[in-house]
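Okay, here's what each chain looks like letter by letter:
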Amino acid sequence: MNPGDLLTLNIEKVAHGGLCVARHDGVVVFVRHALPGETVEAKLISLAPGKRSWFAQTTKVIRASSHRIQPKCEFFKADGCGGCDWQHSDSSFQREIKLQVLVEQLERFGQVPNASEISSVNSVEPSESNWRTRIRLVANEQGKWGFRKNRSHDVQVIDKCLIADNSINDVLKNLPDGNPDDEVLIVKSKEETVVYPVEQRAPSAPNAIQEVDGHDFAVAGDGFWQVHPGAASALSSQIKKSIKGLQVESFADLYAGVGVLAHSLLQEFPLAQGFVVEADRSAAQNAKINLKDFKNVQVVSNRVDRWIRSVKNKFDVVILDPPRSGAGQNVMQQVCNQTLQKIIYIACDPAALARDVLIAMKYGWKLETVVAFDLFPQTHHIESVAILVHE
Ligand SMILES: C[S@@+](CC[C@H](N)C(=O)[O-])C[C@H]1O[C@@H](n2cnc3c(N)ncnc32)[C@H](O)[C@@H]1O
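Because the structure is predicted, anything quoted here is derived from the model rather than measured. (Residues numbered from 1 in each chain as written. Predicted model: local features only at pLDDT ≥ 70, side-chain atom pairs only at ≥ 80, totals over all residues. Heavy atoms only, no water.)

### So, the side chain of Gln-210
Thinking step 1. Along the polypeptide, Gln-210 turns up in strand E13 (residues 207–212).
Thinking step 2. There is a polar contact of 3.2 Å between the side chain of Gln-210 and the backbone oxygen of Lys-188.
Thinking step 3. Setting aside its immediate chain neighbours within four residues, Gln-210 contacts Val-187, Lys-188, Ser-189, Lys-190, His-215, Asp-216, Phe-217, Val-219 and Trp-225. (Helix = DSSP H or I, 4+ residues; strand = E, 2+ residues; numbered from the N terminus. Polar contact = N/O pair within 3.5 Å; in protein donor to acceptor, adjacent residues only side chain to side chain. Contact = heavy atoms within 4.5 Å.)

### Some details on the environment of Phe-373
Thinking step 1. With respect to the element layout, Phe-373 can be found in strand E20 (residues 365–374).
Thinking step 2. Taking C-alpha positions, Phe-373 is 27 Å from Pro-270, a pair spaced 103 residues apart along the chain.
Thinking step 3. Sequence-distant contacts of Phe-373, defined by excluding residues within four places in its chain, comprise Asn-122, Val-124, Ala-234, Leu-235, Gln-238, Ile-382, Glu-383 and Val-385.

### Quick notes on the domain arrangement of the protein chain
By a frequent convention, interface size equals the accessible area lost on bringing the separate parts together.
Thinking step 1. With domains assigned, the protein chain is organised as domain 1 (1–68), domain 2 (93–126 + 212–216 + 225–390) and domain 3 (134–205).
Thinking step 2. A C-alpha centroid distance of 31 Å is found between domain 1 and domain 3. (Domains from an automatic or database assignment.)

### Some thoughts on the nonpolar core
Thinking step 1. The biggest cluster of nonpolar side chains holds 63 residues, and the ones touching the most others in it are Leu-137, Phe-251, Val-276, Val-317 and Ile-344.
Thinking step 2. Counting residues per element, this core draws most heavily on helix H4 (residues 231–243), at six residues.
Thinking step 3. When residues of this core are sorted by domain, at least three fall in each of domain 2 (93–126 + 212–216 + 225–390) and domain 3 (134–205).
Thinking step 4. With residues near it in sequence (within four places) discarded, Val-276 still touches Phe-251, Asp-253, Ala-256, Ala-262, Ala-287, Leu-291, Val-297, Gln-298, Val-299 and Val-300.
Thinking step 5. Judged by nonpolar contacts, the second largest core, of 39 residues, contains Phe-315, Val-318, Ile-359 and Val-370. (Core = buried A, V, L, I, M, F, W, Y, C linked by side-chain atoms within 4.5 Å. Buried < 20%, exposed > 50% of the residue type's maximum accessible area, 1.4 Å probe, protein only.)

### Focus: the packing of aromatic side chains
Thinking step 1. Taken as a whole and judged by the stated rule, the model has six aromatic pairs.
Thinking step 2. Ring centres of Phe-217 and Trp-225 lie 6.2 Å apart, and the angle between their planes is 40°; on these two criteria the pair is classed as tilted.
Thinking step 3. Overall, Phe-217 belongs to the buried group, its relative accessible area being 2%.
Thinking step 4. Relative accessible area serves as the criterion here: at 10%, Trp-225 is assigned to the buried category.
Thinking step 5. An angle of 50° between the planes, with centres 5.5 Å apart, marks the rings of Phe-275 and Trp-307 as tilted. Residue Phe-275 is located in strand E16 (residues 273–278), and its partner Trp-307 is located in helix H7 (residues 304–309); the two are separated by 32 residues in the primary sequence. (Phe/Tyr/Trp six-rings, centres within 6.5 Å; stacked < 30°, edge-to-face > 60°.)

### What to know about the pairing of strand E3 (residues 19–24)
Thinking step 1. Where strand E2 (residues 13–15) lies against E3, three bridges are found, and the strand directions are antiparallel. Bridge assignment links Ala-15 to a residue of E3, and that residue is Leu-19.
Thinking step 2. Where E2 folds back on E3, the antiparallel hairpin that results is connected by three residues, among which Gly-17 adopts a positive phi of roughly 105°.
Thinking step 3. As paired elements, E3 and strand E4 (residues 27–32) share five bridges and run antiparallel to each other. Pairing of Ala-22 across the sheet is with Val-29, part of E4. (Pairing = 2+ DSSP bridges.)

What follows is the structure, encoded as structure tokens:
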């Protein structure tokens, strides 16, 4: 097998990362822009890491899935934008294959035998287009703005993005050319849509306001905030559901950002004693502002792994929402030992979630349910709320 070879492939199933799995002479091929059940002609692009499997790009659909649709974005093509993965699939099937990936990761890396029974997926409006409230653009050699192509440093110049909010596309239309390799973030907040230069080690941008279910949250304009406009509300209401029936007197919100998840718990239990832990200083400062009405809450500006080593408290509930890499052995061990009732784990990567669930199982916890939310339509990403309880 060599780069450039054209193969006819029967697509078996979806793989993590927005690709599909096929086999050629027993060798696994990860195929882009295909769908499970299809037969496609695909061009081999390169060996995958580990050099035992290949990446390939669909060049012709020989037998199409009934879920295949015509992509709406002109930049969704073999040599085009690397941002979206599933524009060639109808949106309900996108959710189905994301759920398959979640279940597969939980079975494989989490050793959760009943993963398919306890996992589900929901859509959140807007569920197809114009949902992104921030985009990050890079300038090409001529200073024109666009997104990186798939597995490449090349830039696909764009004049609009199908999945971005209309106000972002309006700003993009009038954005003056940059210098080669400049990067900008265009962010929509409650009041305005603003362009931020992305500079190494730049201080945080001034605060913007983001609104969730009638509550305003201060957040640095370029700081972490879920990209889907319905995300914070969907996650908050899932947290509220999962603590119904509990008596929560103490809690910790780890990797807390500006405190939006702690806020949802505090709406139900305003007197709960809580620690809200966030490493980014400006996010922690904003968490203090956002949670100032709750007198029993202490915002800690520290890394979770450092903080948790020094804490002896037990918590009725721990919410954790780590970055893509997950929480890892040490944090999970401490969380398991210090939580009395429920662990609520918010995950943006099913593989990291599965690894952390496996750790929790070693310490006597079991995965009760996983509710996923499709907060990233057209891409392979998915956000999950996993509930862990004592075995
Ligand atoms: C996925 S975000 C979640 C933010 C928040 N829970 C929300 O819903 O908006 C992860 C957060 O963890 C923070 N973070 C990353 N590594 C950390 C660490 N080791 N300790 C504490 N916070 C960390 C990031 O700054 C970011 O705010």
